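Survey of secondary and tertiary structure
Residues per chain are reported as follows:
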Amino acid sequence: MKTIQKLNKIQVLDDRFYTLDFETYYPSVTTVLQAYPKNPVLLEWMKNNGKNSDRILKEAATQGSNVHNAIEDFLNGKKIEWFINGIAQYTLNEWKMITRFMDFYNTLVNSYQAVEVQVFSEKFRVGGTIDFICTIDGETWMIDFKTSSAIYKTHELQLAVYKEVWEDNTKIKIDRYGVLWLNSQTRTKKDLQGLGWQIKEFTKNHDKNMKLYNHTRALWDEENKNFKPKNLEYENSYKLNEFKKLA
């Protein structure tokens, strides 16, 4: 089933932009949400950790990417292994979260329709990547994987926009959506949760979150007039000119 347009994705430094023609550029949802006020707890944490906060955040981002990639490989039919020839492919913490995803998958997922799918909307002037769309108890769920130590309001807004963009592209309704939090502290198995993981659902807050996103988008647009990626073109290789070498 064809669900989305093919598009070009450009990632430069910390900004992500999408384009179909290399003339008109649209930001990713996460880029827009950089204009949303930072959570006070996060700001206090950054203040307390000082220069170390950048390193810690970078390590957390790497961990998140490794877990995302492993899940994507698994869902695309590839075998994932913790150790290969005695060499660890993932850290202990990463493997714990991968294992928690497997528990979620085996416990709740009936089938799935999309994995790491790019979506783009000229109507909303954004692009993004949806982690997972699956069926749970006969309902279509949109799920974002999170490995962070906390879940923030921007995660709700991000998924609210993804729902609108997905439905605008595909005309396929999303019944429910939320974050699969793979770093939670849950110690019991209940509906939509297991040991160390849980689904944090945001469906009921959809209208409110879209209003908050639209306000955030207005702020982002105000500060980013005529936006487009920086340094679009780079040379592919360099070689020293023989005639300019030092004697």
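The shown structure was predicted, so the numbers you read here are calculated from the model rather than taken from an experiment. (Residues numbered from 1 in each chain as written. Predicted model: local features only at pLDDT ≥ 70, side-chain atom pairs only at ≥ 80, totals over all residues. Heavy atoms only, no water.)

A count of helical and extended segments in the protein gives six helices and 11 strands. In the protein, which comprises 247 residues, the share counted as buried stands at 42%. For the protein, contacts bridging at least 24 residues in sequence account for 60% of all contacts bridging at least 6. Of the roughly 15,300 Å² that the protein leaves accessible, carbon and sulfur atoms contribute 49%. (Helix = DSSP H or I, 4+ residues; strand = E, 2+ residues; numbered from the N terminus. Buried < 20%, exposed > 50% of the residue type's maximum accessible area, 1.4 Å probe, protein only. Contact = heavy atoms within 4.5 Å. Areas by Shrake-Rupley, 256 points an atom, 1.4 Å probe, with all protein chains shown as cover.)

All right, on to unusual backbone geometry then. With a phi angle near 65°, Lys171 is a residue other than glycine that sits in the positive phi range. Counting through the fold element by element, Lys171 comes out in the loop between helix H5 (153–170) and strand S9 (176–181). Overall, Lys171 belongs to the exposed group, its relative accessible area being 67%. For Leu192, which is not a glycine, the phi torsion comes out positive at approximately 65°. In this structure, Leu192 sits in the loop between S9 and strand S10 (193–194).

Attention shifts here to the nonpolar core. Val126, Ile130, Met142, Trp166 and Tyr213 are the most contacted members of the largest nonpolar core, which totals 29 residues. In terms of residue count, the dominant contributor to this core is H5 (seven residues). Apart from the residues lying within four places of it in its own chain, the contact partners of Val126 are Tyr26, Pro27, Val29, Val32, Phe120, Ser121, Val161, Val165, Tyr213 and Arg217. Ranked by size, the runner-up nonpolar core spans 25 residues in total, among them Leu75, Ile80, Ile98 and Leu108. (Core = buried A, V, L, I, M, F, W, Y, C linked by side-chain atoms within 4.5 Å.)

Pairing within the open sheet is mixed, and its six strands lie in the order S6-S7-S8-S9-S11-S10. Of all strands in the sheet, those bounded by a partner on one side alone are strand S6 (111–121) and S10. Direction of pairing for S10 relative to strand S11 (residues 197–201): antiparallel, over a ladder of two bridges. For Gly194, the partnering residue across the bridge sits in S11 and is Trp197. (Pairing = 2+ DSSP bridges.)

Another aspect to go through is helix H4 (residues 92–108). Helix length check: H4 (17 residues) gives 24 Å between terminal C-alpha atoms against 24 Å at 1.5 Å per residue, within 8%. Buried residues of H4: Glu94, Trp95, Met97, Ile98, Arg100, Phe101, Met102, Phe104 and Leu108, and no others. (Expected span 1.5 Å × (residues − 1).)

When S6 meets strand S7 (residues 126–136), the two strands line up antiparallel, connected through nine bridges. Paired with Tyr112 across the strands is Cys134, a residue of S7. Taking the residues that link successive antiparallel strands as the turn, the S6-S7 hairpin has four residues, and the phi of Arg125 there is positive, at about 60°.

This part is about the side chain of Asn209. For Asn209, the position within the fold is in helix H6 (residues 206–223). Reaching out from Asn209, the side chain makes a polar contact with the side chain of Lys153 at a distance of 3.1 Å. Of note is the side chain of Asn209, whose polar atom sits 3.0 Å from the side chain of Glu156. When sequence neighbours within four positions are dropped, the list of residues in contact with Asn209 reads Lys153, Glu156, Leu157, Ala160 and Phe202. (Polar contact = N/O pair within 3.5 Å; in protein donor to acceptor, adjacent residues only side chain to side chain.)

As a further point, take the confidence of the model for the protein. In the predicted model, the protein carries a mean pLDDT of 84, and 80% of its residues have values of at least 70. pLDDT under 50 marks residues 1–5. Its contacts with residues more than four places away, or in other chains, come to 12 contacts. (pLDDT = per-residue confidence, 0-100.)

This part covers H6. Between its first and last C-alpha atoms H6 spans 26 Å; for 18 residues at 1.5 Å apiece the expected length is 26 Å, and the two agree. Buried within H6 we find His206, Asn209, Met210, Tyr213, Thr216, Arg217 and Trp220. What you see down the axis of H6 is that its buried residues fit within an arc of 125°, all on one side. Those residues of H6 that are exposed and aimed more than 90 degrees away from the buried face are Asp207, Lys208, Lys211, His215 and Leu219. (Arc of directions from axis to C-beta.)

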